[in-house]
Amino acid sequence: MADTPHKPVPRPYQDTQAYWDAAREKRLILQRCRDCQKFQFFPRGVCSHCLGSALEWVDSPGRGVVHTFTIAHRAPHPGFANQVPFVIGIIELEEGVRMMTNIVGCDPNSVRIDMPVKVTFEEATPDITLPQFTPA
Amino acid sequence: MTIEIGIDPSAYLRDKYAIVGVGETTYTRGSGKTTRAMAVQAVRNAILDAGLKPSQVDGMLAYQNGDACFSTPVAGDLGIHLNFYMDIFGGGSSVEALIGVAMGAIEAGMCKTVVIYRSMNGYSGVRIGWTGVRAARPVEGDALHNRVYGWTSAGQRYAMSFMRHMYDYGTTSEQVAAVKVAHSKHASNNPKALYRKRVTVEDVVNSRMVCAPLHLLDCCLETDNATAVVVTSVDRARDCRHVPALIAGVVGRACQPRTDMHLQYGPVSTSVGHYARERLWKAAGVGPEDIDVTGSYDAFTFTTMMQLEDYGFCKKGEGGDYVSNGTIELGGRRPNNTSGGALCEGYTHGVSMVIENVRQLRHDVDDSCPVGPDGHKQHTFDYREGGCRQVKDAQLSTNLGWAGPDKGSALVMRRGTR
C-alpha cells in the first residue's frame, strides 16, 4: 500500500472509457445525442432524453458557472485528508448540462453561486486524471 | 390543486387502515445488542402496546441499508407465523411508504396485520456518514462522477440544496437553526430523548462547520435503536388497546422528475414535496391548513424547512420564516417533531417520528405529566422545560419522510374512535 493513500478513483468501463481517456489528455468531452441533439452527463449507453442510441462525443471548452456547492470540512476518505476544507460543486456548463466537480485553485470561502469557472485537470494517479474547475 | 392524478377519490383507502401499536428500544450510543435483538424488543413492545398476541400478527416489513438483520429471524424469535414479509433497502421515507405497502398487502388478502420496523446500530455499528470502512469500497456505477470528488456523506449530499435555497430565497442559517432550537425544547420534555438540553440559535451557528452551510448542530444524531409500528384494518383496530391513528393518506417513495442525479436537473432548491403534495392532500381529503402537528424529517435542520415548504405548509421560499416564527414549537400553531426528532431524540430513519404522532393523536404522549386513574397522562399543556409535550386536542398529523431532496414519502393520520 502506498504511503499516502490516493483518493478513490473511477474504474472506467465501456460507456465511460472514452471520457476518462480524454481526461488523461486534458480534454473534457461530453456526450451528445445525434437524434435529439441534446447533451447528457455523465456518459451512458442511451440518450436519457429520447432513448436514442446514436451518441457522439463532443469536445467541450469547459466553461460554466457554479450552480451550487458545499465546503467539506471533514475528509470523507483518507485521500482527501490533506485537502480539507475543499469545495464540492455543481457546475452548469455552457452546453446546458451540470456536472459535479471540486472547485480548486482558490480560497474555498471565495466561491459563490453563479461564479464563472473553467475546467482544469488533476492527475490523481498515472492512469486517471480528474476534470476539475477553477475560477475563470 | 389542479394536477389530475387519474384516480377516483372514492377508491382511496382513506381511514380504512390504522396504526394500532407502537414500540421502541432505548435510544442509545452503544446498545451492546445485535440489530436482531433490538428489533425483537421493539416489535414485542409494539405488539403489546396494540394489545395483540404474536399469533394475531402475520405480516412483517423491514428496511435497512445492509446494516441490519432480516425480518424472518425476528419473526421467529417472537413466535410470529408470517403470511407475508419483505425486507427492502432504504433509510428515511421508508416507513411512510411501507405503511402504504402494508395496507396494500392486507387489502390484497395476503395477510391481516403487519409490523413495520427499523433496527440499526447507527452509532456503534454501521454509521450513516459512509465514512470508515464504507469509504474504501470500490468506486463504480453512478459514484464514478461523484465520489471521486469527495461527495460521500449525507451532509455533503444535501448541503448543496440548502446552499442554493439560501441563494434563491434569502434563507439564512439563523432561520433553520430555529428548527434545532424548537426540537431541543421538545426533547427537553421527552424523558427518552438522548439530547435533552435546550440550545439557542447562537449555539447552532457558532458550532463548527461540517459541510457549509451545515454546522455540527444542523446535523442529526447517530444512535443505536429499533422502532416499530403495527398496521391493521380499522375493523381489527377496534379490538386493540388504544384509540387508533387512522391512515388518511399516504404517498411514497415519490420522486423528482429525475433521480439519476437530481442536482443536475430542475430547481435544486425544491424538494420532492412539490411533486407529491397534490397526491397526498387529495388522498387524505384535507390540506396543510387542517394539520395540528407535523413530523417533517430532520436529518438536518433545513430538511425540515424545505419539506414543510414544498408540501405547502407555507409559500415557496418562506420556509425560513415558517420554521423561525414560533409556528413549529410546542404552543405554536403547528408543532413539528414534538419528540425532539432525529436532531435530539434519536436517529431511527423515520419510525420514531411516526410513533410520536401516533401518541399525539392518542392524546397520550409519554412526557413527565402525571398519570391519572385511567392509566393515561393528565396533560398540563405547560411546555416549559421538563413539562408537557402533548399538543392540545390533536386530530390530524402529517409525517414528511426524507430520503433526499429528490425522493420522499408522506403520511397523514387522523385520530380515530374506539
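Overview of the structure.

### Thoughts on the overall build of chain B
- The secondary structure content of chain B amounts to 12 helices and 11 strands.
- For 418 residues, the compact-globule formula gives about 22 Å, and the C-alpha radius of gyration of chain B, at 20 Å, lands near that figure.
- In chain B, which comprises 418 residues, the share counted as buried stands at 62%.
- Taking contacts inside chain B between residues at least 6 apart in sequence as the whole, the part at least 24 apart equals 76%.
- When the accessible surface of chain B is split by element, carbon and sulfur atoms take 51% of a total near 14,700 Å².
- Separation between the mean location of the 44 positive side-chain charges and that of the 43 negative ones in chain B comes to 3 Å.

### Quick notes on the pattern of salt bridges
- Counting across every chain of the model gives 29 salt bridges over all chains.
- Ionic pairing is found between Arg44(A) and Asp260(B), a salt bridge with its closest N-O pair at 2.9 Å. Residue Arg44(A) is located in the loop between strand 2 (39–40) and strand 3 (55–60), and its partner Asp260(B) is located in the loop between strand 8 (245–255) and helix 8 (273–284); the two belong to separate chains.
- Owing to a relative accessible area of 19%, Arg44(A) belongs among the buried residues under this scheme.

### Brief notes about the sheet that holds strand 1 (residues 28–33) of chain A
Residues and elements named next belong to chain A.
- Overall, antiparallel pairing links the three strands, which are arranged 2-1-3 in an open sheet. The open sheet has two edge strands with one neighbour each: strand 2 and strand 3.
- Across two bridges, the pairing between strand 1 and strand 2 is antiparallel. Paired with Gln31 across the strands is Gln40, a residue of strand 2.
- On top of the sheet, helix 1 (residues 17–24) reaches strand 1 and strand 3; it is set at about 150° to strand 1, its chief contact.

### Quick word on the pairing of strand 10 (residues 396–404) of chain B
Residue and element names in this part refer to chain B.
- Where burial is concerned, most of strand 10 is hidden: eight out of the nine residues are buried.
- Note that strand 9 (residues 293–296) and strand 10 share four bridges and pair parallel. The residue bridging Ser296 from the neighbouring strand is Leu400, located in strand 10.
- Relative to strand 11 (residues 407–415), strand 10 is paired through eight bridges, and the arrangement is antiparallel. From the neighbouring strand, Asn399 faces strand 11, where its bridge partner is Leu411.
- With antiparallel pairing between neighbouring strands as the criterion, strand 10 and strand 11 make up a hairpin whose turn holds two residues.

### Remarks on unusual backbone geometry
- With an omega of 5°, the peptide bond between Phe41(A) and Phe42(A) qualifies as cis.
- With respect to the helices and strands, Phe42(A) occurs in the loop between strand 2 and strand 3.
- Put simply, Val84(A) and Pro85(A) share a cis peptide bond, and its omega is -10°.
- Assignment of secondary structure puts Pro85(A) in the loop between strand 4 (63–72) and strand 5 (86–93).
- Positive phi is not limited to glycine here, since His363(B) has a value of about 60°.
- Mapped onto the elements of the fold, His363(B) is located in the loop between helix 12 (351–362) and strand 10.

### Description of the nonpolar core
- Among the nonpolar cores identified, the biggest contains 49 residues, and Phe300(B), Phe302(B), Tyr311(B), Phe313(B) and Val412(B) are the most heavily contacted of them.
- No other element matches helix 4 (residues 154–169) of chain B, which puts five residues into this core.
- Discounting chain neighbours no more than four positions away, the residues touching Phe302(B) are Tyr158(B), Ser161(B), Phe162(B), Val176(B), Leu214(B) and Trp402(B).
- Formed by 45 residues, the second largest nonpolar core is a distinct cluster that contains Val87(A), Ile88(A), Ile91(A) and Phe133(A).

### A look at the sheet that holds strand 4 (residues 113–121) of chain B
Residues and elements named next belong to chain B.
- Pairing is mixed in the open sheet, where nine strands are placed in the order 3-2-4-7-1-8-11-10-9. Of all the strands in the sheet, the pair left with one neighbour each is strand 3 (84–89) and strand 9. Each strand axis lies, on average, 25° off the axis of its neighbour in the sheet, ignoring direction.
- Strands strand 8, strand 10 and strand 11 of the sheet are contacted by helix 8, whose axis makes an angle of about 160° with strand 8.
- Contacts from helix 12 reach strand 1 (17–24), strand 2 (59–64), strand 4, strand 7 (224–233), strand 8, strand 9, strand 10 and strand 11 within the one sheet, and its direction differs from that of strand 1 by about 115°.

### Some remarks on the interface of chain B and chain A
- If you look at the interface, chain B gives 35 residues, while chain A gives 39 residues.
- Both faces combined, the contact of chain B with chain A buries some 3,200 Å², and carbon together with sulfur accounts for 60% of it.
- In this assembly, chain B and chain A are joined by one salt bridge.
- Counting across the interface, chain B meets chain A through 13 residue pairs in polar contact (both at pLDDT 80 or more).
- Those elements that place two or more of their residues in the side of chain B that touches chain A are helix 4 and strand 5 (209–212) of chain B.
- Counting residues per element, the side of chain B that touches chain A draws most heavily on helix 4 of chain B, at six residues.
- Partitioning the side of chain B that touches chain A into residue classes produces 19 nonpolar, nine polar and seven charged.
- Note that strand 4 of chain A and strand 5 of chain B share two bridges and pair antiparallel. Across the sheet, the residue bridging to Ala72(A) is Cys211(B), located in strand 5 of chain B.

### Thoughts on the pairing of strand 6 (residues 98–103) of chain A
All names here are of chain A.
- Burial analysis of strand 6 places six of its six residues in the buried class, which makes it a mostly covered element.
- In strand 6, alternate side chains face the same way, and those of Arg98, Met100 and Asn102 on one face and Met99, Thr101 and Ile103 on the other are all buried.
- In the sheet, strand 5 pairs with strand 6 via six bridges, with the strands oriented antiparallel. Bridging from a neighbouring strand, Gly89 pairs with Thr101 of strand 6.
- In textbook terms, the turn of a hairpin is the stretch between consecutive antiparallel strands, and for strand 5 and strand 6 this stretch comprises four residues, one of which, Gly96, has a positive phi near 105°.

### Things to note about helix 9 (residues 301–310) of chain B
Residues and elements named next belong to chain B.
- Taken across its 10 residues, helix 9 has 10 buried, putting it largely inside the fold.
- Of the residues making up helix 9, those classed as buried are Thr301, Phe302, Thr303, Thr304, Met305, Met306, Gln307, Leu308, Glu309 and Asp310.
- Backbone geometry just after helix 9 places Gly312 at a positive phi near 95°.

Reading the values: the criteria
- Residue positions within a chain follow its written sequence, with the count starting from 1.
- Each chain is given a letter, starting from A, and each ligand a number, starting from 1, according to the order in which they appear as written.
- The model is predicted, so local features are restricted to residues of pLDDT at least 70 and side-chain atom pairs to those at 80 or more, both for listing and for counting; the totals for chains, interfaces and linings are taken over all residues.
- The basis for every side-chain value is the complete set of non-hydrogen atoms in the structure, without hydrogens or water.
- Only DSSP runs of H or I reaching four residues or more are called helices, and only runs of E reaching two or more are called strands; each is numbered from the N terminus.
- The size measure is the radius of gyration over C-alpha atoms, and the globule rule it meets is 2.2 Å times the number of residues to the 0.38 power.
- Each residue gets one of three labels from its accessible area relative to the maximum for its type: buried under 20%, exposed over 50%, partly exposed in between, using a 1.4 Å probe on protein chains only.
- Contacts between residues were defined by any pair of non-hydrogen atoms, one from each residue, lying within 4.5 Å.
- The protein chains shown are the only cover counted for residues, whose accessible areas, like all others here, come from Shrake-Rupley with a 1.4 Å probe.
- By the counting rule applied here, Lys and Arg register as positive and Asp and Glu as negative, while His and the ends of each chain are not counted.
- Each charge is placed at NZ for Lys, CZ for Arg, CG for Asp and CD for Glu.
- Within this document, salt bridges are pairs made up of a side-chain nitrogen of Lys or Arg and a carboxyl oxygen of Asp or Glu, the two lying within 4 Å of each other.
- Strand pairing is defined by DSSP finding a minimum of two bridges between the two strands.
- Axis definition: a line fitted to C-alpha atoms, limited for helices to the stretch in contact. Angles are taken between N-to-C directions and run from 0 to 180 degrees.
- Grouping buried Ala, Val, Leu, Ile, Met, Phe, Trp, Tyr and Cys residues that are joined through side-chain atoms within 4.5 Å yields what is termed a nonpolar core.
- For any pair of parts, buried area is found by adding up, for both, the accessible area (1.4 Å probe) each one loses once the two are put together.
- Counted as a polar contact is a pair of N or O atoms within 3.5 Å, where, for protein atoms, one must be capable of donating a hydrogen and the other of accepting one, and residues adjacent in sequence contribute only when both atoms are in side chains.
- Residue classes follow a fixed rule: Ala, Val, Leu, Ile, Met, Phe, Trp, Tyr, Cys and Pro count as nonpolar, while Asp, Glu, Lys and Arg count as charged, and any other residue, Gly among them, counts as polar.

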